[in-house]
Amino acid sequence: MQPDEKESQFWGQVDEQPPSMQINPSPSPVQIQQQVHPGSMVQPIQQQGIVYIQVPKFKHQTRTVSYILIGSGLLTYLLSLGVGISTESDLALALGGGTCCLAFNAAFVCEIIFYSKMLDHNKTHGQGNGWAITNIVFGSILLLVGLIYILGMGIAIAEL
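What you see is a predicted model, and the numbers here were worked out from it, not measured in a lab.

Here is what the cut-offs are and how they apply
The written sequence of each chain sets the order in which its residues are numbered from 1. Local features in this predicted model are restricted to residues whose pLDDT is 70 or higher, and side-chain atom pairs enter the listing and the counts only when it is 80 or higher, whereas totals over whole chains, interfaces and linings include all residues. Side-chain numbers come from the whole structure's heavy atoms, not from hydrogens or water. Each helix is a run of H or I in the DSSP string that is no shorter than four residues. Each strand is a run of E no shorter than two, and both are numbered from the N terminus. For every residue, the accessible area (1.4 Å probe, protein chains only) is compared with the maximum for its type, and the residue is labelled buried under 20%, exposed over 50%, or partly exposed between those bounds. Contacts: residue pairs with any heavy atoms within 4.5 Å of one another. In short, Shrake-Rupley with a 1.4 Å probe defines the accessible areas, and a residue's cover is counted only from the protein chains shown. Confidence scores per residue from the predictor, reported as pLDDT, run from 0 to 100. The term disulfide is used for any two cysteine sulfur atoms that are within 2.5 Å. Here, a salt bridge means any Lys or Arg side-chain nitrogen found within 4 Å of an Asp or Glu carboxyl oxygen. Any pair of N or O atoms that falls within 3.5 Å is considered a polar contact. Within protein, one atom must be able to donate a hydrogen and the other to accept it, and sequence-neighbouring residues count only if both atoms are side-chain atoms. Each pair of aromatic rings taken from Phe, Tyr and Trp, with Trp reduced to its six-membered ring, is defined by centres within 6.5 Å and is described as stacked if the planes are under 30 degrees apart, edge-to-face if over 60, and tilted in the remaining cases. For a ring to carry a charge above it, either NZ of a lysine or CZ of an arginine must fall within 6 Å of the ring centroid while also lying within 35 degrees of the normal to the ring plane.

## As for the overall build of the protein chain
Part 1: Secondary structure summary: the protein chain contains 3 helices and 3 strands in total.
Part 2: Counting across all 160 residues of the protein chain, residues that qualify as buried make up 24%.
Part 3: Of the contacts formed within the protein chain by residues at least 6 apart in sequence, a portion of 54% connects residues at least 24 apart.
Part 4: Of the accessible surface of the protein chain, which amounts to about 11700 Å², a share of 66% is contributed by carbon and sulfur atoms.

## Examining the confidence of the model for the protein chain
Part 1: Within the protein chain, residue pLDDT values average 78, and 69% of them lie at 70 or more.
Part 2: When mean pLDDT is taken per element in the protein chain, helix 1 (residues 61-87) scores highest with 94 and strand 1 (residues 21-23) scores lowest with 47.
Part 3: The low-confidence segment residues 6-24, where pLDDT is below 50, has 25 contacts with residues more than four positions distant or belonging to other chains.

## Some words on the environment of Lys117
Part 1: Tracing the backbone shows Lys117 in helix 2 (residues 90-125).
Part 2: Judged by its relative accessible area of 39%, Lys117 is partly exposed.
Part 3: Remark: the alpha-carbon pair of Lys117 and Thr62, spanning 55 residues in sequence, is separated by 9.8 Å.
Part 4: Excluding residues within four positions of it along the chain, Lys117 makes contact with Phe58 and His60.

## Quick look at the state of the cysteines
Two cysteines form a disulfide when their sulfur atoms are joined by a covalent bond.
Part 1: Considering all chains together, one arrives at 0 disulfides under this definition.
Part 2: Just so you know, Cys100 is unpaired, no disulfide at all, and the nearest cysteine sulfur is the one on Cys101, 7.1 Å from it.
Part 3: A relative accessible area of 12% means that Cys100 is categorised as buried.

## A short note on the pattern of salt bridges
Part 1: With the rule as written, the count across this model stands at 1 salt bridge.
Part 2: For the salt bridge of Arg63 with Glu111, the shortest nitrogen-to-oxygen distance reads 3.1 Å. Placement of the pair is Arg63 in helix 1 and Glu111 in helix 2, with a sequence separation of 48 residues.
Part 3: For Glu111, a relative accessible area of 16% gives the class buried.

## Topic: the environment of Thr134
Part 1: Along the chain, Thr134 falls in helix 3 (residues 130-159).
Part 2: Looking at Thr134, the relative accessible area reads 41%, which means it is partly exposed.
Part 3: Each C-alpha atom of the pair Thr134 and Tyr115 lies 9.2 Å from the other, and the pair is 19 residues apart in sequence.
Part 4: Among the polar contacts made by the side chain of Thr134, one reaches the main-chain carbonyl oxygen of Gly130 at a distance of 2.8 Å.

## Some thoughts on the packing of aromatic side chains
When we look at a pair of aromatic rings, we describe it by the centre distance and by the angle of the planes.
Part 1: All told, the structure shown has 2 aromatic pairs when counted by the stated rule.
Part 2: With centroids separated by 5.1 Å and ring planes inclined at 80°, the aromatic side chains of Phe114 and Tyr115 adopt a geometry described as edge-to-face. Neither residue differs from the other here; Phe114 and Tyr115 are each classed as buried.
Part 3: Every member of this aromatic cluster is reached through a ring pair, and the members are Phe58, Phe114 and Tyr115.
Part 4: Arg63 extends its terminal NZ or CZ atom over the ring of Phe114, reaching a point 4.1 Å from the ring centre.

So, in structure tokens, the structure goes:
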């Protein structure tokens, strides 16, 4: 059975006092009253005027681009690994590793952009920023390590 539209209310919104009321004796910080109608189930109604509003979930297209870059980088590396092992080519292995690292670095840039936008979103909606800042710092460190690795791979490829 579905409740009538008059019976379903948002939390904290009471339009009128119910005809019969019983106070719930539980020692909770929020007093809950019971509204009883003949032939219906007991429905809790919140007594205090608190309305919970859920903040919209943050979504941004850079997260999708990041996933695509990570997947393509891994695929490129696996293909070059197969070609490098079958042909015993160090150049194929180095190019595959470098291409994978470039894709991962581009994904780290996308993640840094994602978390900076999330930081702005959280500031607007009054949410915590700790994880967003942590992920920006962590992504920046990984990006720096990846750039150093690409530089080393470039030097190694130039020597071949």
